[in-house]
Amino acid sequence: MLIASNKSESKEVRKIPYYSVILTTINKEKRNKFLECHNFHIDKMQENKNIYVAGSFSDEKGDLIIYEAESLDQVSLFVMQDPLVYNHASDYEVHEWNMSILKEITKSNNNLEEMYE
């Protein structure tokens, strides 16, 4: 889909099916024990292009993982393989997330500055 602005610029909008997974720590001792395995799992999933982005919350109470997947069932399978979930260190919830990425085809720094004045 192309959206034209009044300055003869256009933006391409692309919808991508993503799923957000929130891991909530339920056993800190187990989390510490299986964290290295979890990180290895996340790295492998990123290498396979199944994870868009992942990181832990600064309060150390859990993690946020954004998966790119064909279905909720596929994401559930990925999550159940996570060592933190499999070993009952974390609980989880999954939400479908319809993220839009705007790709600006033509834009100068001057126009960007004008937008925020």
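Residues numbered from 1 in each chain as written. Predicted model: local features only at pLDDT ≥ 70, side-chain atom pairs only at ≥ 80, totals over all residues. Heavy atoms only, no water.

### A short note on the side chain of histidine 38
Link 1 in the chain: Mapped onto the elements, histidine 38 comes out in helix α1 (residues 28-47).
Link 2 in the chain: If we ignore the near neighbours within four places in the chain, the residues touching histidine 38 are Leu23, Asp63, Ile65, Asp82, Pro83 and Leu84. (Helix = DSSP H or I, 4+ residues; strand = E, 2+ residues; numbered from the N terminus. Contact = heavy atoms within 4.5 Å.)

### With respect to the side chain of asparagine 50
Link 1 in the chain: Positionally, asparagine 50 belongs in the loop between α1 and β3 (51-56).
Link 2 in the chain: Overall, the relative accessible area of 14% leaves asparagine 50 in the buried class.
Link 3 in the chain: Discounting residues that sit within four places of it in the chain, asparagine 50 has contacts with Met45, Ile66, Tyr67, Glu68 and Phe78. (Buried < 20%, exposed > 50% of the residue type's maximum accessible area, 1.4 Å probe, protein only.)

### Considerations on unusual backbone geometry
Glycine aside, the phi torsion of most residues is negative, and most peptide linkages are trans.
Link 1 in the chain: In this structure, lysine 49 is a non-glycine residue whose phi angle is positive, near 65°.
Link 2 in the chain: By the element assignment, lysine 49 lies in the loop between α1 and β3.
Link 3 in the chain: In this structure lysine 49 comes out as exposed when scored by relative accessible area, which is 64%.
Link 4 in the chain: Notably, glutamate 60 is not glycine yet its phi reads approximately 60°, a positive angle.
Link 5 in the chain: Take glutamate 60: it is sitting in the loop between β3 and β4 (62-68).

### Topic: the pairing of β4
Link 1 in the chain: Within β4, five of the seven residues are buried, leaving the element largely enclosed by the surrounding structure.
Link 2 in the chain: In this sheet, β4 lies alongside β3 in antiparallel orientation, the contact comprising five bridges. Residue isoleucine 51 lies in a different strand from β4, and its bridge partner there is tyrosine 67.
Link 3 in the chain: As consecutive antiparallel partners, β3 and β4 are separated by five residues, and within that stretch glutamate 60 has a phi angle of approximately 60°, a positive value. (Pairing = 2+ DSSP bridges.)

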